[in-house]
Amino acid sequence: MLTQNTCTTVWNNSLQTIKANIPNQSYKTWFEPISALKLEGNVLTVQVPSLFFYEWLEEHYVGLLRKTVKQQLGEEGRLEYNIVVDKSPGSISPYPAVNQGTSHNTTQKAQGSSAQITQAKDLKNPFTVPGLKRLNVDPQLNQNYTLENYIEGDCNRLARSAGFAVAAKPGATSFNPLMIYGAVGLGKTHLAQAIGNEIKRTLPEKLVIYVSCEKFCQQFVESLKNNSINDFVNFYQAMDVIIMDDVHNFAGKEKTQDIFFHIFNHLHQSGKQIIITSDKAPKDLSGLEERLLSRFKWGLSADLQIPELETRIAILKKKMSDDGIELPAEVVEYVANHIDNNIRELEGAMVSLIAQSTLNNKQIDLPLAKSMLKNFIKNSTKEISMDYIQKVVCEYFDVAAELVKSPTRKREVVQARQISMYLSKSLTKSSLKSIGAFYGGRDHSTVIYACQTVDDLIQTDKKFKTYVADIEKKLKMS
């Protein structure tokens, strides 16, 4: 018990340092799933959920991990990984512990089946009308969804990068299955289908199928009614790539989960690619069998976050470019600022704005955008700007606004600057990069440090906490 408490304490202390030095999304993706196993002397052993996790950590965070562990255990401190890989039904086999800095590679050979591919042409296709013979499998993909028009940002960089890797080598990467999850309207279906389109473009001989979970369930019920369950299963097992959308809809459907479980196993063991989407991470899904959830965790789970302002603007500009439309920059920024939680609504607002302009023969300007957006924004409140935050903070501490953006290190100015950055992060939709640029051209790491400093002082200094609370009250009452 003592060893466990000690190793947990060391790892938790390390996580605090790591969290302060990397973006929150990266921390949640790469460090929250890690657990401390044991501490022997100056060697800390942690468990990571897959070989891919180990490889990614070694490639992107080895310096930070080494430095952090040495801070906790001294110059001789070392980190070892215990890698868990679940490959066969019902079994979990850990790799031996891996010393940080040493390479550890495994190769899982993807075994293709040309016989199955040939046979698929004669299988009953659940997407065809009964009685019609179909020689080729229709992938059921929307050709407008491509990786090129899927705009990259901090909100989706991991998922998009994984999508490119899967499209280049379906079934032959550590991202199998690739699970893409996130709230409604953040682009899960777009990305999943874009991967399928890219595979068909570069590897046209591959059998790719996209199906929603709801459609799959309907097909399964029909196959039971028609006594054609074998045709149904054989069809999906013959695919090279299966893209299953909205797997959370399997909840409560035990028989359908069971059939998908067997299809999943067959495809995975044959080196075929599985791509799934969901509104939640595997650990947060309810109503699904544990054995199915376990398989969803075999590969990579990549989440899609709400896009930051810069990404929202880029999405709108891309859509305008594709449609051959030019809009004033202030209109684009206004729309991107006020619709911040759903890409689908964002694009819908732009379409509505263009339609209003065309049907009413009006020029698209800021007043028209403000009028039109009333239909898209519920319970809208007055937006608090960084300018206004800076003004209120400077008045509160009687500090000149220009000094907050200057290089000066005077205590009262630094305090005003850090509180301004902290409130800008919590009360506006601005990114860390934008906040840093506003307050004197500083980088995002300065903003992270400022926010952490203010957070710490709020916890430990009652007088300082009162300052921040008073300023927040003034801002929200305005």
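Residues numbered from 1 in each chain as written. Predicted model: local features only at pLDDT ≥ 70, side-chain atom pairs only at ≥ 80, totals over all residues. Heavy atoms only, no water.

Within an unreviewed UniProt entry, the label attached to the protein reads Chromosomal replication initiator protein DnaA, and the organism entered is Pedobacter antarcticus 4BY. The UniProt entry for the protein carries the following text under Subcellular location (unreviewed entry): "Cytoplasm". UniProt's Sequence similarities (unreviewed entry) comment on the protein is quoted here verbatim: "Belongs to the DnaA family." (UniProt positions renumbered as here; feature names shortened; annotations may be inferred.)

Asks: Whenever I open this one, the pairing of strand β2 (residues 43-48) confuses me. Can you help?
Replies: The two faces of a sheet get side chains in turn, since along a regular strand they alternate between them. Most of β2 sits out of view: 5 of its 6 residues are buried. Here 5 bridges tie strand β1 (residues 35-40) to β2, and the two strands are oriented antiparallel to one another. Residue pairing in the sheet places glutamate 40 in a bridge with valine 43 of β2. The antiparallel pairing of β1 with β2 creates a hairpin that spans 2 residues between the two strands, and glycine 41 there sits at a positive phi of about 65°. (Buried < 20%, exposed > 50% of the residue type's maximum accessible area, 1.4 Å probe, protein only. Helix = DSSP H or I, 4+ residues; strand = E, 2+ residues; numbered from the N terminus. Pairing = 2+ DSSP bridges.)

Asks: Is there a simple way to explain the packing of helix α8 (residues 213-225) against helix α9 (residues 229-237) in this structure?
Replies: Axes are the key here: two packed helices are described by the angle between their axes and the distance separating the axes. It is the contact of α8 with α9, at a shortest axis distance of 7 Å, that shows an interaxial angle of 145°. Contacts between α8 and α9 involve Phe216, Gln219, Phe220, Ser223 and Leu224 from the first element and Ile229, Phe232 and Tyr236 from the second. For the contact of α8 with α9, the residue count by class is 6 nonpolar, 2 polar and no charged. (Axes fitted to C-alpha atoms, helices over the stretch in contact; angles between N-to-C directions. Contact = heavy atoms within 4.5 Å. Nonpolar A, V, L, I, M, F, W, Y, C, P; charged D, E, K, R; others polar.)

Asks: I would appreciate a short explanation of the side chain of serine 424 in the present structure.
Replies: Residue position: serine 424 is located in helix α18 (residues 411-427). Residue serine 424 is classed as buried on the basis of its relative accessible area, which comes to 0%. Of the polar contacts made by the side chain of serine 424, one reaches the backbone oxygen of serine 420; its length is 2.8 Å. Every residue in contact with serine 424, bar those within four places of it in the chain, is listed here: Met386, Ile389, Ile435 and Tyr439. (Polar contact = N/O pair within 3.5 Å; in protein donor to acceptor, adjacent residues only side chain to side chain.)

Asks: Help me understand the packing of α9 against helix α10 (residues 254-269), please; the structure alone is not making it clear to me.
Replies: Close contact between α9 and α10 brings their axes to 9 Å; oriented N to C, the two are set at 35°. Note on packing geometry: the crossing formed by α9 with α10 is right-handed. Two secondary-structure elements touch here, α9 through Ile229, Phe232, Val233, Tyr236 and Gln237 and α10 through Ile259, His262, Ile263, His266 and Leu267. (Left-handed = near helix turned anticlockwise from the far one by under 90°.)

Asks: Just to check I follow, could you spell out the UniProt feature "binding site: ATP" (unreviewed entry) in the protein for this structure?
Replies: In the numbering used here, UniProt assigns the feature "binding site: ATP" (unreviewed entry) to Gly185, Gly187, Lys188 and Thr189. Sequence-distant contacts of glycine 187, defined by excluding residues within four places in its chain, comprise Tyr150 and Leu304. Its place among the elements puts lysine 188 in helix α7 (residues 188-202). The contact partners of lysine 188, leaving out residues within four places of it in the chain, are Ile180, Tyr181, Gly182, Ala183, Asp246, Thr277, Ser278, Asp279 and Leu304. Within polar-contact distance, the side chain of lysine 188 engages the backbone oxygen of alanine 183 at 3.0 Å.

Asks: Mind showing me how you'd approach the packing of aromatic side chains here?
Replies: Where two aromatic rings form a pair, the distance of their centres and the angle of their planes describe that pair. Under the definition given, this model contains 17 aromatic pairs. With 5.2 Å between their ring centres and 70° between their planes, phenylalanine 31 and tyrosine 61 make a pair best called edge-to-face. Taken together, the residues phenylalanine 31 in the loop between α2 (24-30) and β1 and tyrosine 61 in the loop between α3 (51-60) and α4 (62-73) connect sequence positions 30 residues apart. Since its relative accessible area comes to 13%, tyrosine 61 is described here as buried. An aromatic cluster of at least three residues, connected via ring pairs, comprises Phe216, Phe220, Phe232, Phe235, Tyr236, Phe250, Phe260, Phe264, Phe296 and Trp298. In this structure, arginine 291 is placed above the aromatic ring of phenylalanine 261, and the distance from its NZ or CZ to the ring centre is 3.9 Å. Over the ring of phenylalanine 438 we find lysine 405; its NZ or CZ atom is 4.0 Å from the centre of that ring. (Phe/Tyr/Trp six-rings, centres within 6.5 Å; stacked < 30°, edge-to-face > 60°. Lys NZ or Arg CZ within 6 Å of the ring centre and 35° of its normal.)

Asks: Looking at this structure, I do not really get the nonpolar core. What am I missing?
Replies: Core analysis: the largest hydrophobic core is formed by 51 residues, its most contacted members being Trp11, Phe31, Leu57, Leu65, Tyr81 and Ile195. Counting contributing residues per domain, this core is built from domain 1 (7-83) and domain 2 (147-303), each supplying no fewer than three. Setting aside residues up to four positions removed in sequence, leucine 57 forms contacts with Trp30, Phe31, Ile34, Val48, Val62, Leu65 and Tyr81. Listed in part, the 33 residues of the second largest apolar core include Val137, Phe264, Ile274 and Leu293. (Core = buried A, V, L, I, M, F, W, Y, C linked by side-chain atoms within 4.5 Å. Domains from an automatic or database assignment.)

Asks: It is not clear to me how the sheet that holds strand β9 (residues 273-278) should be interpreted in this structure. Could you clarify?
Replies: Hydrogen bonds along the backbone pair up the strands of a sheet, which may run parallel or antiparallel. The strand order across the open sheet formed by 5 strands is β7-β8-β9-β6-β10, and the pairing between neighbours is parallel. Taken across any chain shown, the strands that pair with only one partner, and hence form the sheet edges, are β7 (208-212) and β10 (300-304). When strand polarity is set aside, the average angle formed by the axes of neighbouring strands in this sheet is 15°. Bridge count for β7 against strand β8 (residues 241-245) is 5 bridges, and the pairing is parallel. Within β8, the position partnered with isoleucine 209 by the bridge is isoleucine 242. Taken strand by strand, α7 contacts β6 (178-182), β7, β8, β9 and β10, and its axis lies near 150° from that of β6.

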